[in-house]
Amino acid sequence: MNCFHLDDFLAGWIGGASSVIVGHPLDTVKTRLQAGKGYKNTLHCVLQIYRKETVAGFFKGLSFPLASITVYNSVVFGFFNNTQRVISKFRHGDERQPCGMLDLTLASMLTGLMSVGLGAPVDLVKIRLQMQTLPCLAENLNLAGTTGNVNGNIAVRSMTLQGQPTYRGPIHCISSILRTEGIRGLYRGAGAMVLRDVPGYTLYFIPYALFRRWLSSEGRSSPHPCSIWVSGGLAGSISWVTATPADVVLSTGSISWVTATPADVVKSRLQADALHARKYRGIVHCIVQSYKTEGIHVFFRGASVNAIRGFPMSATMFLGYELSLQFFRGL
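This is a predicted model, so every value here is computed, not measured.

Engineer: In this structure, what is going on with the overall build of the chain? I would like to understand it.
Structural biologist: Within the chain, the secondary structure is distributed over 13 helices and two strands. Sorting the 331 residues of the chain into buried and exposed places 52% on the buried side. Here the contacts in the chain between residues at least 6 apart in sequence split such that 77% fall between residues at least 24 apart. As displayed, the chain has an accessible area near 15,800 Å², and 65% of this comes from carbon and sulfur atoms.

Quick look at the structure:
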């Protein structure tokens, strides 16, 4: 029996599109908090964006995620569910055999690892577009180091001072990165993304499976939409705020404890970096410099937004996915 099912990819695409529309405004706030400067807290960030950029500011860079993250979610959900079938086929000889917790964990971790290949360039372009506002650029350039004029500030190009955006759109952003930084530039921050997504997807799919099982009524052939919505929302919040033993074994043999938000902060800073001047040489340098200049709390910047954003986005994602899957399989 063929383990590959195309309907998982189609349902993932629909769920991904709906979740992007729901979550993008808060994603913009999260990115500004993590990679920008001058915001006291989440509410202050929201008010500043609205006052300076109106409602349109919250949807900056939406077109690219809507076109690309829908494909990304399609691949993630399709890969995750088809991997479960391959594991069941290999271990039990039947792809329809429900996966146990160990199998789900393995499928989740493989999905997180796979997702970086497609997700890193998508996330990079999204963050570059979200960050290209005059206040954000000025703050980032002031942090860039001591090179430049006698006051330690880097000279800003005239077009930036005039408020002209660096990138005219996602295609121009990609071509500019390839021209100035090469293919490696599109994968800037990919290492931090691995640290975020491997444990993150484990804490995404496992809680969803557990909550869905607990909240589903016995005797129903498929879970109630409310059960799907609540289970998906709780899973999304948990995956962003729970500290996880990621079991990242370093060359020294030590084990790192990784949380989604600190890894996301580092990823956002690395990806927002090099808009005009490079501040960070890599993951370790970013962590050290961020800690030296802003303290330990910087690594939890945007945690509350992640938790709030994670619920509606994931609830919408899973609901769209499950209902679409039921529709396709009912045809």
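Engineer: What exactly am I supposed to notice about helix 12 (residues 283-294) here?
Structural biologist: Think of an α-helix as 3.6 residues a turn; residues three or four steps apart then line up on the same face. In this model helix 12 runs 16 Å from its N-terminal to its C-terminal C-alpha over twelve residues, within 8% of the 16 Å that 1.5 Å per residue would give. Of the positions making up helix 12, those classed as buried are His285, Cys286, Ser290 and Glu294. One side of helix 12 holds all its buried residues, which, seen down the axis, span an arc of 125 degrees. Opposite the buried face of helix 12, by more than 90 degrees, sit the exposed residues Val284 and Lys292. Trailing helix 12 by a residue or two, Gly295 shows a phi angle of about 85 degrees, which is positive.

Engineer: Would you mind going over the environment of Ile69 with me for this structure?
Structural biologist: As for its position among the elements, Ile69 is in helix 3 (residues 63-92). You can call Ile69 buried: its relative accessible area is 16%. For Ile69 and Ala17, which are 52 residues apart along the polypeptide, the C-alpha to C-alpha distance reads 7.4 Å. Among residues more than four places away in sequence, those in contact with Ile69 are Val20, Phe64, Val122 and Lys126.

Engineer: Explain the packing of aromatic side chains here, please?
Structural biologist: A ring pair, where both rings are aromatic, is described by two values, the distance of the centres and the angle of the planes. This structure, assessed with the given rule, holds 13 aromatic pairs. Residues Phe77 and Phe318 carry aromatic rings whose centres are separated by 5.4 Å and whose planes lie at 70 degrees to one another, so their mutual orientation is edge-to-face. Here the residue Phe77 occupies a position in helix 3, and Phe318 occupies one in helix 13 (residues 303-330), the gap between them amounting to 241 residues. There is no split in this pair, since Phe77 and Phe318 are both buried.

Engineer: Just to check I follow, could you spell out the side chain of Thr202 for this structure?
Structural biologist: Turning to its location among the elements, Thr202 is positioned in helix 9 (residues 190-215). Excluding residues that lie within four positions of it along the chain, Thr202 makes contacts with Thr105, Ser108, Met109 and Pro207.

Engineer: Teacher, can you tell me more about the nonpolar core here?
Structural biologist: Residues Phe77, Tyr204, Phe205 and Phe318 are the most contacted members of the largest nonpolar core, which totals 32 residues. Tallying contributions element by element places helix 3 first for this core, with seven residues. Sequence-distant contacts of Tyr204, defined by excluding residues within four places in its chain, comprise Phe77, Ala235, Gly236, Ser239, Ser314, Met317 and Phe318.

Engineer: When you look at the packing of helix 1 (residues 6-35) against helix 4 (residues 101-131) in this model, what are you seeing that I'm missing?
Structural biologist: Two quantities define a packed helix pair, namely the angle between the helix axes and the distance between the axes. For the pair helix 1 and helix 4, the least separation of the axes is 10 Å and the interaxial angle reads 80 degrees. By the angle between their axes, helix 1 is roughly perpendicular relative to helix 4. On the side of helix 1, the interface is formed by His24, Asp27, Thr28, Thr31, Arg32 and Ala35, while helix 4 contributes Lys126, Ile127, Gln130 and Met131. For the contact of helix 1 with helix 4, the class distribution of residues is three nonpolar, four polar and three charged.

Engineer: Any chance you could explain the pattern of salt bridges here in plain terms?
Structural biologist: Pairing is possible between side chains that carry opposite charge, provided their charged atoms lie close to one another. Tallied over the full model, the rule gives twelve salt bridges. Across the salt bridge formed by Arg91 and Asp103, the nearest N and O atoms sit 2.4 Å from each other. Separated by twelve residues along the polypeptide, Arg91 in helix 3 and Asp103 in helix 4 bring together distant segments of the chain. Take Arg91: its relative accessible area is 48%, and that puts it in the partly exposed class. In this structure, the salt-bridge partner of Lys126 is Asp123, at a minimum N-O distance of 3.6 Å. Note that Lys126 and Asp123 are positioned in helix 4 at a spacing of three residues, about one turn of the helix. Taken individually, Lys126 and Asp123 each receive the classification buried, so the pair is uniform in this respect. Each of Asp27, Asp123, Lys126, Arg196 and Asp197 takes part in salt bridges that share partners, so that together they form one network.

Rules and cut-offs
- Residues numbered from 1 in each chain as written.
- Predicted model: local features only at pLDDT ≥ 70, side-chain atom pairs only at ≥ 80, totals over all residues.
- Heavy atoms only, no water.
- Helix = DSSP H or I, 4+ residues; strand = E, 2+ residues; numbered from the N terminus.
- Buried < 20%, exposed > 50% of the residue type's maximum accessible area, 1.4 Å probe, protein only.
- Contact = heavy atoms within 4.5 Å.
- Areas by Shrake-Rupley, 256 points an atom, 1.4 Å probe, with all protein chains shown as cover.
- Expected span 1.5 Å × (residues − 1).
- Arc of directions from axis to C-beta.
- Phe/Tyr/Trp six-rings, centres within 6.5 Å; stacked < 30°, edge-to-face > 60°.
- Core = buried A, V, L, I, M, F, W, Y, C linked by side-chain atoms within 4.5 Å.
- Axes fitted to C-alpha atoms, helices over the stretch in contact; angles between N-to-C directions.
- Parallel < 35°, antiparallel > 145°, perpendicular 65-115°, else oblique.
- Nonpolar A, V, L, I, M, F, W, Y, C, P; charged D, E, K, R; others polar.
- Salt bridge = Lys/Arg side-chain N within 4 Å of Asp/Glu carboxyl O.

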